[in-house]
Amino acid sequence: MSTPASAATAFASTQDLVARSDVRFLRQIASDDDNQLPIASLATAPRLLAALADASGMVEAAVTVGKRYSPQDLTLLTGNSRSLLIALTCQLAVGLLFLSRPSFGDPPGTYRMAMNMVDSLASGEWVFGILESQNAGNLSNYVEVPNDPENRFGEVVQARRFF
């Protein structure tokens, strides 16, 4: 039996989405009728929350390929990497919202850019700011000098008195 490993919440909030998107568009697409939702209702709009969760799942599925990241790694990001994750999630969510309403036309170019970023993260061409991921594949050219085994006080040094 498999053990699910997924983040409990979306990587971006509706406040993040509002900060990175056109509020007029969000008010219109979040509504199920022709009336725009009030700005205060955007924080709990089911369509926005679902799009953010779907977008987070897309990012999570891409970056967990090859066990490069765990979902917990993504929730612990800080600084610019966290901002990139939020922006990526929001761009994907806006694209998914467009796709859910064909009458709105084609998704914006930022959606295609976000999908390219997801592909780059999945392939390892781009990595988030986690030191272990950034250093993966870097070869070390450190050459041991004779004093290194003694300085480590390893088994060879410890067992020397027995031989």
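So, a few notes on the structure that sits alongside this text.

The rules behind the values
Counting restarts for each chain: residues are numbered from 1 in the order of the written sequence. For this predicted model, a pLDDT threshold of at least 70 governs which residues receive local features, and a threshold of 80 or more governs which side-chain atom pairs are given and counted, while totals over whole chains, interfaces and linings are taken from all residues. Heavy atoms throughout the structure, all of them, feed into the side-chain values; hydrogens and water do not. Secondary structure follows DSSP: runs of H or I at least 4 residues long count as helices, runs of E at least 2 residues long count as strands, and numbering of each begins at the N terminus. The rule for a salt bridge is simple: a side-chain nitrogen of Lys or Arg has to be within 4 Å of a carboxyl oxygen of Asp or Glu. Think of it in three bands: residues with accessible area under 20% of the maximum for their type are buried, residues over 50% are exposed, and the middle band is partly exposed, with areas taken using a 1.4 Å probe on protein chains only. Nonpolar cores are built from buried Ala, Val, Leu, Ile, Met, Phe, Trp, Tyr and Cys residues. Side-chain atoms within 4.5 Å join them into one set. The contact definition used throughout considers only heavy atoms, calling two residues in contact when any of these lie within 4.5 Å. Any Phe, Tyr or Trp ring, taking Trp's six-membered ring, that has another such ring centre within 6.5 Å forms a pair; planes under 30 degrees apart are called stacked, those over 60 apart edge-to-face, and the others tilted. The span you would expect from a helix comes to 1.5 Å times its residue count less one. Angles run from 0 to 180 degrees between N-to-C directions of axes, and those axes are lines fitted to C-alpha atoms, restricted for helices to the stretch in contact. Any angle that falls under 35 degrees is termed roughly parallel, while one over 145 is termed roughly antiparallel, one within 65 to 115 roughly perpendicular, and all others oblique. Crossings are sorted by hand: turned counterclockwise from the far helix by less than a right angle, the near helix makes the crossing left-handed, and turned clockwise it makes it right-handed. Basically, the charged four are Asp, Glu, Lys and Arg, the nonpolar ten are Ala, Val, Leu, Ile, Met, Phe, Trp, Tyr, Cys and Pro, and anything else, Gly included, counts as polar.

The subject of this paragraph is the environment of glutamine 36. Looking at the element boundaries, glutamine 36 is found in the loop between α2 (23–29) and α3 (46–63). Taking the C-alpha atoms as reference points, glutamine 36 and phenylalanine 25, separated by eleven residues in sequence, lie 8.9 Å from one another.

Under the counting rule described, the total for this entry stands at four salt bridges. Put simply, arginine 20 and aspartate 16 hold a salt bridge, and the shortest N to O gap is 4.0 Å. Pair noted here: arginine 20 and aspartate 16 are both in helix α1 (residues 14–20), with a separation of four residues, about one helical turn. You can call arginine 20 partly exposed: its relative accessible area is 38%. Here aspartate 32 ties to arginine 101 by a salt bridge, and the two come within 3.5 Å at their closest N and O atoms. Residue aspartate 32 is found in the loop between α2 and α3, and its partner arginine 101 is found in the loop between α5 (79–100) and α6 (109–123); the two are separated by 69 residues along the sequence. Judged by relative accessible area, which is 67%, aspartate 32 ranks as exposed.

What follows covers the nonpolar core. Leu17, Leu48, Leu74, Leu88, Leu92 and Phe128 are the most contacted members of the largest nonpolar core, which totals 35 residues. Within the residue set of this core, elements represented by two or more residues are α2, α3, α5 and α6. When residues no more than four places from it in sequence are discounted, the contact partners of leucine 17 are Leu26, Leu48, Leu52, Cys90, Ala93 and Val94.

Time to look at the packing of aromatic side chains. This model, assessed by the stated rule, comprises one aromatic pair. Between phenylalanine 25 and phenylalanine 98, the aromatic rings sit 4.8 Å apart at their centres with planes inclined by 15°, giving stacked as the arrangement. Separated by 73 residues along the polypeptide, phenylalanine 25 in helix α2 and phenylalanine 98 in helix α5 bring together distant segments of the chain. Note on phenylalanine 25: relative accessible area 12%, which makes it buried.

What follows concerns α3. The first and last C-alpha atoms of α3 sit 26 Å apart over 18 residues, in line with the 26 Å expected at 1.5 Å per residue. Every buried residue belonging to α3 is among Leu48, Ala51, Leu52, Ala55, Ser56, Val59, Glu60, Ala62 and Val63, and all of these are buried. The inward-facing, buried residues of α3 abut α1, α2, α4 (71–75), α5 and α6.

Take the environment of leucine 17 next. Along the chain, leucine 17 turns up in helix α1. For leucine 17, a relative accessible area of 0% translates into the label buried. Expressed as a C-alpha distance, the spacing of leucine 17 and glutamine 91, which sit 74 residues apart in the sequence, is 8.4 Å.

Let's shift gears to the packing of α5 against α6. Look at α5 against α6: their axes get within 8 Å of each other, and the N-to-C directions meet at 125°. Considering their axes alone, α5 and α6 lie oblique with respect to each other. α6 is crossed by α5, and the crossing has left-handed handedness. Residues Leu84, Leu88, Gln91, Leu92, Gly95, Leu96 and Leu99 of α5 touch α6, and the partners they reach there are Thr110, Tyr111, Met113, Ala114, Met115, Met117, Val118 and Leu121. Its residues assigned to classes, the contact of α5 with α6 comprises twelve nonpolar, three polar and no charged.

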